[in-house]
Amino acid sequence: MHVSPQIMKWVLAAAMLAPSGIAYAEVADPVACALVSRTPESHTFYGSGEELARKVSAANLPIHDRRLYLYTVETDKGAELVFFERVKGKEELEVSRWKGASLGDLKEQLNAVMMTNQGKYCIGKKSTDLINTKLELQPAGARAIPSSAGDLVRVSAEEQRGDFARVTFFLLC
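Residues numbered from 1 in each chain as written. Predicted model: local features only at pLDDT ≥ 70, side-chain atom pairs only at ≥ 80, totals over all residues. Heavy atoms only, no water.

### Brief notes about the packing of helix α5 (residues 106–117) against helix α6 (residues 123–134)
When two helices pack together, their arrangement is given by the angle between the helix axes and the distance between those axes.
Part 1 of the argument: Where α5 contacts α6, the axes come no closer than 10 Å and their chain directions differ by 150°. As far as their axial angle goes, α6 and α5 are roughly antiparallel. In terms of crossing hand, the pair formed by α5 and α6 is right-handed. Here L106, Q109, L110, V113, M114 and N117 of α5 come into contact with α6, specifically with I123, K126, S127, L130, I131 and K134.
Part 2 of the argument: For the contact of α5 with α6, the class distribution of residues is seven nonpolar, three polar and two charged. (Axes fitted to C-alpha atoms, helices over the stretch in contact; angles between N-to-C directions. Helix = DSSP H or I, 4+ residues; strand = E, 2+ residues; numbered from the N terminus. Parallel < 35°, antiparallel > 145°, perpendicular 65-115°, else oblique. Left-handed = near helix turned anticlockwise from the far one by under 90°. Contact = heavy atoms within 4.5 Å. Nonpolar A, V, L, I, M, F, W, Y, C, P; charged D, E, K, R; others polar.)

What follows is the structure, encoded as structure tokens:
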């Protein structure tokens, strides 16, 4: 595989310690981490629980290419954040959750982190640090890696019991 000089520069930078004190190499493959930290994604969908599951499935979000990702569900009844981390060496995800009245401006803050980070440090670590200062995530156990992101959303959107919901996915590292 040919790797461009710019990618190699990112990889070398990735081998250095981030300000948070965690090295890319400690959390994942440094090459993959450097690449995905430069390419985080966010996607927002609106509709009913079933409609959201269909839309998210049709979008074919690349969750299988990411080690950390999350989604939020917001309705007129409340909000939920569900955080997923792929366990190295296992074919499962560790899941954490938060439920409450509102996410406030957390999504805008996550978008700001992605913009200001510009691939310099692990976007998963930077995002996790932000979330942990704003919310108290509760462990929800391990689960098998789903076949699609739509499978993840269906249950949460239906649990919120709103007629209409907004789901936002953040694909981190």
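That covers the picture; the talk isn't over yet.
### A word on the sheet that holds strand β5 (residues 138–144)
Neighbouring strands of a sheet are bound in pairs by backbone hydrogen bonds; such pairs are parallel or else antiparallel.
Part 1 of the argument: Read from one edge of the open sheet, six strands run β1-β6-β2-β3-β4-β5, paired in antiparallel fashion. If you trace the sheet from one side to the other, it starts and ends with β1 (41–47) and β5, each paired once. The mean inter-strand angle of the sheet, taken between neighbouring strand axes irrespective of direction, is 20°.
Part 2 of the argument: Taken together, the eight bridges between strand β2 (residues 68–75) and strand β3 (residues 78–86) define a ladder with antiparallel strand orientation. Its bridge partner being in β3, E74 is matched across the sheet by A79.
Part 3 of the argument: Across the sheet, helix α4 (residues 49–59) touches β1 and β6 (165–171), and the angle it forms with β1 is around 145°. (Pairing = 2+ DSSP bridges.)

### Here we look at the environment of R38
Part 1 of the argument: By secondary structure assignment, the location of R38 is in the loop between α3 (30–37) and β1.
Part 2 of the argument: Judged by its relative accessible area of 36%, R38 is partly exposed.
Part 3 of the argument: In the structure, R38 is positioned 77 residues away from M115 in sequence and 9.7 Å away in space, judged by C-alpha atoms.
Part 4 of the argument: At a separation of 2.8 Å, a polar atom in the side chain of R38 contacts the main-chain carbonyl oxygen of Q118. (Buried < 20%, exposed > 50% of the residue type's maximum accessible area, 1.4 Å probe, protein only. Polar contact = N/O pair within 3.5 Å; in protein donor to acceptor, adjacent residues only side chain to side chain.)

### Describing the pattern of salt bridges
Part 1 of the argument: A complete count under the given rule lists eight salt bridges for this structure.
Part 2 of the argument: With a closest N to O distance of 2.5 Å, E51 and R54 form a salt bridge. Of this pair, E51 and R54 both sit in helix α4, three residues apart, which is roughly one turn of the helix.
Part 3 of the argument: Note that R166 is salt-bridged to E74, the shortest N-O span being 3.0 Å. In this pair, R166 is assigned in strand β6 and E74 in strand β2, connecting sequence segments 92 residues apart.
Part 4 of the argument: Several salt bridges converge on common partners, so that one network encompasses E74, K107 and R166. (Salt bridge = Lys/Arg side-chain N within 4 Å of Asp/Glu carboxyl O.)

### Some points on the confidence of the model for the chain
Low pLDDT means the predicted atomic positions in that stretch should not be read closely.
Part 1 of the argument: Mean pLDDT for the chain: 81, with 78% of residues reaching 70 or above.
Part 2 of the argument: Confidence, read as mean pLDDT per element, is least for helix α2 (residues 24–27) in the chain (42) and greatest for α5 (95).
Part 3 of the argument: Low confidence marks residues 1–27, where pLDDT is under 50. Its contacts with residues over four positions away, or in another chain, come to 32 contacts. (pLDDT = per-residue confidence, 0-100.)

### Details of α5
Part 1 of the argument: Here α5 contains twelve residues, and its C-alpha end-to-end distance of 16 Å stays within 8% of the 16 Å for a straight helix at 1.5 Å per residue.
Part 2 of the argument: Taken together, the buried positions of α5 are L106, K107, L110, V113, M114 and N117. Viewed end-on, α5 has its buried residues packed into an arc of 115°, placing them on one side of the element. Turned more than 90 degrees from where α5 packs its buried face, M115 and T116 sit exposed. (Expected span 1.5 Å × (residues − 1). Arc of directions from axis to C-beta.)

### Some details on the pairing of β6
Part 1 of the argument: Burial analysis of β6 places six of its seven residues in the buried class, the great majority of the element.
Part 2 of the argument: As paired elements, β1 and β6 share seven bridges and run antiparallel to each other. The residue bridging Y46 from the neighbouring strand is R166, located in β6.
Part 3 of the argument: Bridge analysis of β2 against β6 gives six bridges, and the strand direction is antiparallel. Paired with E74 across the strands is R166, a residue of β6.

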